[in-house]
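# Commentary on secondary and tertiary structure
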Amino acid sequence: MSVLDTYQNQLTASTERLVTTVAALTDADVLAPSRLPGWSRGHVITHVARSGDSLINLFTWARTGVPIPQYPNMDVRNADIEAGAGRPAKEQLADLEESADRFAAAAGEMTESDWTVMVGAMTGGNHPAWYVLMRRLREVEIHHVDLGRGYDWPDWPEQYVVWDFHDTMRSWTPGAGPVSEIRVVAGDEAHDETWTGLGEGPSVQGSRRDLLAWLTGRTTGHRLSASGPLPTPPSWPFQAAPPSLPAQIPDSWPPAV
């Protein structure tokens, strides 16, 4: 099984879990606040749908060679989310399912060479098209938690945690952070891991899952240990994709140790 098959299968399962959660929401549930400040659950669901459509633009870029931005600009992105946020639950669910189907169909049209084409991200920098799958998986997993309807960061699949923690740390701007190092304490995980040269501040340690939940702003870091007061982590995601990704589809991701 290739890394594309692995992450497409993960994305399918993650999307099915999200759809199941949204299918159980009432109109009142959709209008209620999400865990994201200032956003209702309707904002979150609409964002996931529109984000999926926006990433299709990057697949089209890869297939045609014609640069197409993910969004025309941030104002358009924000207006689309606002316009869809107040829709009834049934419309939200249908939109989410249809956008997921469009994304899957667009991914199915990609050839092996298409996946290696460099495409752009809204936050700057380019990455190979195969990484679009990873970005979509992150959107689905993170925002499923933001709905606050029973699915939380302890429920993230372990393989997702391993990947997103690795790439979050690879995206860290060296020397610019509020901590000096981050240490993964193995516990039931494969091995210890230390990231150094991060900036000025305390050393922070914990499980990979607890660290990722803190770095993504989904917990306060209450389960972590630090050599001093635990600071607020940098605004996440640090970058849409880590730098220097291989253009060719890797045998595994993260790279095998």
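Residues numbered from 1 in each chain as written. Predicted model: local features only at pLDDT ≥ 70, side-chain atom pairs only at ≥ 80, totals over all residues. Heavy atoms only, no water.

## A look at unusual backbone geometry
Going from Trp236 to Pro237, the amide bond is cis rather than trans, its omega being 0°. Note that Pro237 resides in the segment after strand 6 (225–226). The phi dihedral of Ser244 is positive, around 60°, even though this residue is not glycine. Checked against the element boundaries, Ser244 lands in the segment after strand 6. Classification of Ser244 by relative accessible area gives exposed; the value is 70%. (Helix = DSSP H or I, 4+ residues; strand = E, 2+ residues; numbered from the N terminus. Buried < 20%, exposed > 50% of the residue type's maximum accessible area, 1.4 Å probe, protein only.)

## Focus on the pattern of salt bridges
All told, the structure shown has 13 salt bridges when counted by the stated rule. Arg50 is the partner of Asp95 in a salt bridge, and the nearest nitrogen-oxygen pair spans 2.7 Å. Within this pair, whereas Asp95 is found in helix 5 (residues 89–108), its partner Arg50 is found in helix 3 (residues 41–64), the two being separated by 45 residues in sequence. Neither residue differs from the other here; Asp95 and Arg50 are each classed as buried. Notably, a salt bridge pairs Arg87 with Asp95, separated by 3.0 Å at the nearest N-O pair. The same class applies to Arg87 as to Asp95, namely buried. Members of the salt-bridge network, linked through shared partners, are Arg50, Asp53, Arg87, Asp95 and Arg102. (Salt bridge = Lys/Arg side-chain N within 4 Å of Asp/Glu carboxyl O.)

## Some details on helix 8 (residues 208–215)
For helix 8, the buried fraction is high: 8 of the 8 residues fall into the buried class. Taken together, the buried positions of helix 8 are Arg208, Arg209, Asp210, Leu211, Leu212, Ala213, Trp214 and Leu215. On its buried side, helix 8 packs onto helix 7 (158–170), strand 3 (181–184), strand 4 (193–195) and strand 5 (203–206). One or two steps after helix 8, the chain reaches Gly217, where phi turns positive at roughly 75°. (Contact = heavy atoms within 4.5 Å.)

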